[in-house]
Amino acid sequence: MTVPAGTTTVAIQGVGTMGGQALRDAGAPIGGPDAAVVARDDSGRLLDLAWAPETDTTVAAVAAGSDDGRSVIRHSCAHVLAQAVQQLFPEAKLGIGPPVTDGFYYDFDVDRPFTQDDLVAIEKTMRKIIKAGAEPYKLELVDRKGDVDTSEVMEVGAGELTVYDNLHAHTGEAVWADLCRGPHVPTTRHIPAFRLMRSAAAYWRGSERNPQLQRICGTAWESAERLDEYLEHLAEAERRDHRRLGAELDLFSFPAEIGSGLAVFHPRGGIVRREMEDYSRQRHVEAGYEFVYSPHITKGQLFETSGHLQWYADGMFPPMHLDEELSEDGEVRKPGQDYYLKPMNCPYHNLVYRSRGRSYRELPLRLFEFGSVYRYEKSGVVHGLTRVRGMTQDDAHIYCAPGQLPGELKSLLSFVLDLLRDYGLDDFYLELSTRNEDKYVGSDALWEEATETLRQAAEDSGLELVADPGGAAFYGPKISVQARDALGRTWQMSTIQLDYSMPERFDLEYTSSDGSKQRPVKIHRALFGSIERFFGVLLEHYAGALPAWLAPVQAVGIPIADEHVEHLQQVAKALRARGVRVEVDASDDRMQKKIRTHTTQKVPFLLLAGGKDVEAGAVSFRFRDGTQVNGVAVDQAVEAVAGWVNRRENVSPTAADLPLGAS
RNA sequence: GCCGCCUUAGCUCAGUCGGACAGAGCGGCUCACUCGUAAUGAGCAGGUCGGGGGUUCGAUUCCCCCAGGCGGCUCCA
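Now for a quick tour of the structure. Everything numeric here is computed off the predicted structure, so don't read it as measured data.

### Some remarks on the environment of G357
With respect to the helices and strands, G357 occurs in the loop between α9 (346-354) and β21 (365-374). We classify G357 as exposed; its relative accessible area is 61%. With 152 residues separating them along the chain, G357 and E509 place their C-alpha atoms 7.6 Å apart.

### Topic: helix α13 (residues 531-541)
By the criterion of burial, α13 is predominantly enclosed, with 11 of the 11 residues buried. All of the buried residues in α13 are I531, E532, R533, F534, F535, G536, V537, L538, L539, E540 and H541.

### Let's talk about unusual backbone geometry
Here the amide bond leading from L363 into P364 is cis, since omega sits at -5°, within 30 degrees of zero. The phi angle at D507 is positive, at roughly 55°, despite the residue not being glycine. The topology assignment puts D507 in the loop between α12 (501-505) and β27 (510-511). Located in the positive-phi region is K602, a residue other than glycine, with phi close to 65°. As for its position among the elements, K602 is in the loop between α15 (591-600) and β32 (605-609).

### What about the packing of aromatic side chains?
The final tally for this structure, using the stated rule, is 29 aromatic pairs. Ring centres of F89 and F114 lie 5.5 Å apart, and the angle between their planes is 75°; this geometry places the pair in the edge-to-face category. Of this pair, F89 sits in the loop between α2 (67-88) and β5 (93-94) while F114 is found in the loop between β7 (103-109) and α3 (116-130), placing the two residues 25 residues apart along the sequence. You'll find F89 and F114 in the same group, each marked buried. Considering the side-chain rings of Y312 and F474, the 5.8 Å spacing of their centres and the 45° angle between planes classify their relative orientation as tilted. Taken together, the residues Y312 in helix α8 (residues 308-312) and F474 in the loop between β24 (465-468) and β25 (478-484) connect sequence positions 162 residues apart. Under the relative-accessibility criterion, Y312 is labelled partly exposed at 28%. F474 gets classed as buried once you look at its relative accessible area, which sits at 0%. An aromatic cluster is defined as three or more aromatic residues linked by ring pairs; in this entry it consists of Y279, Y423, F528, F534 and W549. Its guanidinium or amino end placed over the ring of Y353, R358 lies 5.4 Å from that ring's centre, counting from NZ or CZ.

### Here's the deal with the protein's contact with RNA strand B
Close contacts around RNA strand B come from 50 residues, with S379, R387, R596, K612 and N630 the closest. Sugar and phosphate atoms form 48% of the subset of RNA strand B atoms that lie within 4 Å of the protein. Take S620: an N or O atom from its side chain is 3.0 Å from a base nitrogen of RNA strand B. When contributions to the surface near RNA strand B are tallied by element, the ones reaching two or more residues are β11 (193-203), β12 (212-221), α8, α15, α16 (611-616), β33 (618-623) and β34 (628-633).

Scoring rules and cut-offs
Residues numbered from 1 in each chain as written. Chains lettered and ligands numbered in written order. Predicted model: local features only at pLDDT ≥ 70, side-chain atom pairs only at ≥ 80, totals over all residues. Heavy atoms only, no water. Helix = DSSP H or I, 4+ residues; strand = E, 2+ residues; numbered from the N terminus. Buried < 20%, exposed > 50% of the residue type's maximum accessible area, 1.4 Å probe, protein only. Phe/Tyr/Trp six-rings, centres within 6.5 Å; stacked < 30°, edge-to-face > 60°. Lys NZ or Arg CZ within 6 Å of the ring centre and 35° of its normal. Near = heavy atom within 4 Å. Polar contact = N/O pair within 3.5 Å; in protein donor to acceptor, adjacent residues only side chain to side chain.

What follows is the structure, given as structure tokens:
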């Protein structure tokens, strides 16, 4: 929450004094990003500035540029949008128009979807409404509850509703009205900057069983500067869109021949992926995980036992019906079997566990698999690498004795966070997803215990913890790690789920020290979630300029002229011996062109060599940011590059932070 | 799955109000140039205009269906 300088708080004494007047009298700013747009009373309620208390009270100014202030501006802007739409499309009925993150929307019931041209016209009309010459309309609170013809003005929702009329400044005539809870900016002049973004269909009240309305989305800010910053932020997000970078850097593609949501990785993408996986493997070995493998298809029985088929059949590829035999007359002589593509790894791991008797001495048993799974995602949701129909999970299932849970969860959480940090993500918060009352199995007591155990582990981490009621899978609660990327966007990364149900369904046991059979508790844990998705997130986080250890090509030798190629080949050979992925660009492009090419390809180290370098047994460094260090002795250069790569430095190398004693 | 929009060369995009061999830049290939830190020049190749059907004398252009993509909604074990 932004708390602007000069926040004004004022005590109102005497009935009938408007909050806005009191704040103005107390010196609250009336213009600019700090302008008071609404008031907050001492109970935290947001109130119109026109509101007048019935008893003595204290109100604080809510600045335009605060989170609440922006929400109010956006909400008011949504009203202006609705007014403009009804002005241009008198038959349009109104749905709801709330503020949302970074903007607002308003849903309309209209005969036909809005076109691009419609949006342009609507935006123009909105601008007119906001600043119709010197005399803007006022958006004023009119207390006319119970006096509303709801067939005219569509009901918005439950709760306290008031009619807001937009009044003409001079005549006082109501030019437009909408039902709303408020509060609003005192006049439309307090909507300094907005932009309509797009229109799209949306289900009425968010349920796909309801008819669709046409939604217009927009954004609004406390100043033109903040709007511009926001638009630039969107442009930057588009520039670093992993789908675009994937093509530009020749990393992966989605051939239409394969099908929607199914990616192929090209050689360069394959290198990145292999590095990501190999490092993860190494860390898992160190942390006591054992590696297992399981097939991509299975008979349906496995997923009936696990319960997935009951809950998630819609999200699975439909079965192949195999091995059925019919007699001459068409009777089924041998019933067939349904085989399913694997949507989850965990049932297979239960079978690994169950393949022999288990002792308490083996626990916690940590099984890990880079397991490819296939899910029939709805056609409208497939999105680049972040939402696919075929993906590889870095999936681990840990079987513990109940008493081992707290310790295991704690070390697991720090393992997960440490590993994410090693890939360069370091800004996290946790989410605790609790039971979905419509979709769960297991007793209340077990859910209660599992949820509390997870909550404890989450709280011990010291990270911010956000509740996600109803977000759990059917078999148990989960903690998810949300990571913020370089643009401040959050992505759900790792999940840790507790499961008492699966061990029971699969009748998993271990023999405890007293010889009795006991049931283990299972922890499900995905770290990247899906490799593909994590790949996409990292690409966007780094804007394609991957850390050197992940970069497909780590160094390129660029000769000034052909005669310097040989020298660079020697350097490359030395680098290769140290495990560095290096190429020498011996093409007949000019040197400047080569620098451009490999800079565009985001190669972290460019090693130039001309006559001076060859003579001195040196190379000259050029980095992605354009900085350079010339005349570095070859041995030192090789050490610098190899050291940087092997240390898995995540920042982009630049002249300033490379230890090169250069000329 | 639902709504809207989109699909022209490997990539990014012009263009065709239904009519002649469909254009450009980048990329690729060839040749010349051998150059000190983000684009040397010239030439060549490359497209059944996403696929199928329909309307029409004639369809890349209009209509329908399908596929793929984009933006939302819904969903996400």
